[in-house]
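Working through the structure, step by step
Given next are the chains, with one letter for each unit.
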Amino acid sequence: MSTPAEHLSARTTDRGFDHYPTIPGAYGGEASVYESSAASGPHVWLNVTESPLHLTAENATKLAEQLLALVANHYQNDGAAKPTGLVCSNCEATTFACTACGAPREEY
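Below you will find a few notes about this structure. (Residues numbered from 1 in each chain as written. Predicted model: local features only at pLDDT ≥ 70, side-chain atom pairs only at ≥ 80, totals over all residues. Heavy atoms only, no water.)

A word on the packing of aromatic side chains
The geometry of an aromatic ring pair comes down to the distance between the two centres and the angle between the two planes. Per the counting criterion, the structure on display carries two aromatic pairs. Between Tyr 34 and Trp 45, the ring centres sit 6.5 Å apart and the planes meet at 25°, which makes this aromatic pair stacked. Residue Tyr 34 is located in strand 4 (residues 30-35), and its partner Trp 45 is located in strand 5 (residues 44-48); the two are separated by 11 residues in the primary sequence. Exposure remark for Trp 45: the relative accessible area of 49% places this residue in the partly exposed category. (Phe/Tyr/Trp six-rings, centres within 6.5 Å; stacked < 30°, edge-to-face > 60°. Helix = DSSP H or I, 4+ residues; strand = E, 2+ residues; numbered from the N terminus. Buried < 20%, exposed > 50% of the residue type's maximum accessible area, 1.4 Å probe, protein only.)

Observations concerning the pattern of salt bridges
Overall, the coordinates contain one salt bridge when judged by the stated rule. The closest approach of N and O atoms between Glu 58 and Lys 62, which form a salt bridge, is 3.6 Å. Note that Glu 58 and Lys 62 are positioned in helix 1 (residues 57-72) at a spacing of four residues, about one turn of the helix. (Salt bridge = Lys/Arg side-chain N within 4 Å of Asp/Glu carboxyl O.)

Details of the nonpolar core
The biggest cluster of nonpolar side chains holds eight residues, and these are Leu 8, Tyr 20, Ile 23, Ala 31, Val 33, Leu 63, Ala 69 and Leu 70. Secondary structure elements with two or more residues in this core: strand 4 and helix 1. Leave out the neighbours within four places in its chain, and Leu 63 touches Ile 23, Ala 31, Val 33, Leu 46 and Leu 55. (Core = buried A, V, L, I, M, F, W, Y, C linked by side-chain atoms within 4.5 Å. Contact = heavy atoms within 4.5 Å.)

Some points on the side chain of Ser 32
Mapped onto the fold, Ser 32 is located in strand 4. Classification of Ser 32 as buried rests on a relative accessible area of 11%. Not counting residues within four places of it along the chain, the set of residues in contact with Ser 32 comprises Tyr 20, Thr 22, Trp 45, Leu 46 and Asn 47.

Considerations on the environment of Ile 23
Here Ile 23 shows up in strand 3 (residues 23-24). Look at Ile 23 and you get buried, because its relative accessible area is 2%.

Things to note about the side chain of Ser 36
Tracing the backbone through its elements, the reader meets Ser 36 in the loop between strand 4 and strand 5. At 3.1 Å, the side chain of Ser 36 forms a polar contact with the backbone nitrogen of Ala 38. In this structure, Ser 36 is in contact with Phe 17, His 43, Val 44, Trp 45, His 74, Tyr 75 and Gln 76, ignoring residues within four places of it in sequence. (Polar contact = N/O pair within 3.5 Å; in protein donor to acceptor, adjacent residues only side chain to side chain.)

As for the pairing of strand 4
Of the pairings in the sheet, the one linking strand 3 to strand 4 comprises two bridges and is antiparallel in character. Bridge assignment links Pro 24 to a residue of strand 4, and that residue is Glu 30. Counted along the chain from strand 3 to the antiparallel partner strand 4, the turn is five residues long, and its residue Gly 28 has a positive phi close to 105°. By the bridge criterion, five bridges tie strand 4 to strand 5 in an arrangement that is antiparallel. The residue of strand 5 that forms the bridge with Glu 35 is Val 44. (Pairing = 2+ DSSP bridges.)

As for helix 1
The first and last C-alpha atoms of helix 1 sit 22 Å apart over 16 residues, in line with the 22 Å expected at 1.5 Å per residue. All of the buried residues in helix 1 are Asn 59, Leu 63, Glu 65, Gln 66, Ala 69, Leu 70 and Ala 72. On the buried face of helix 1, the contacting elements are strand 2 (18-19), strand 3, strand 4 and strand 5. (Expected span 1.5 Å × (residues − 1).)

Below you can see the structure in the form of structure tokens.
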């Protein structure tokens, strides 16, 4: 079993919310995503320190993976808003790049 990609290794805060590592911009600035505690249902925060943020294709993919994983695994998500077609064929977790079993994206 491989280990999850570093950019998908969420840190859980003292309040129990997942925060993903920041994604750097090509010319400065950064983006980060994390769970929101909005009472009305699953929400996420997208924090961008520089607007507009210029991302390399690789970092844009990492940010997209973080957003999809965050939505799929949000603590308030009862399954109604899970992204489709993002199930790991190795362990059946609903994530883009599997943080549950560490299967690389190529094994989906």
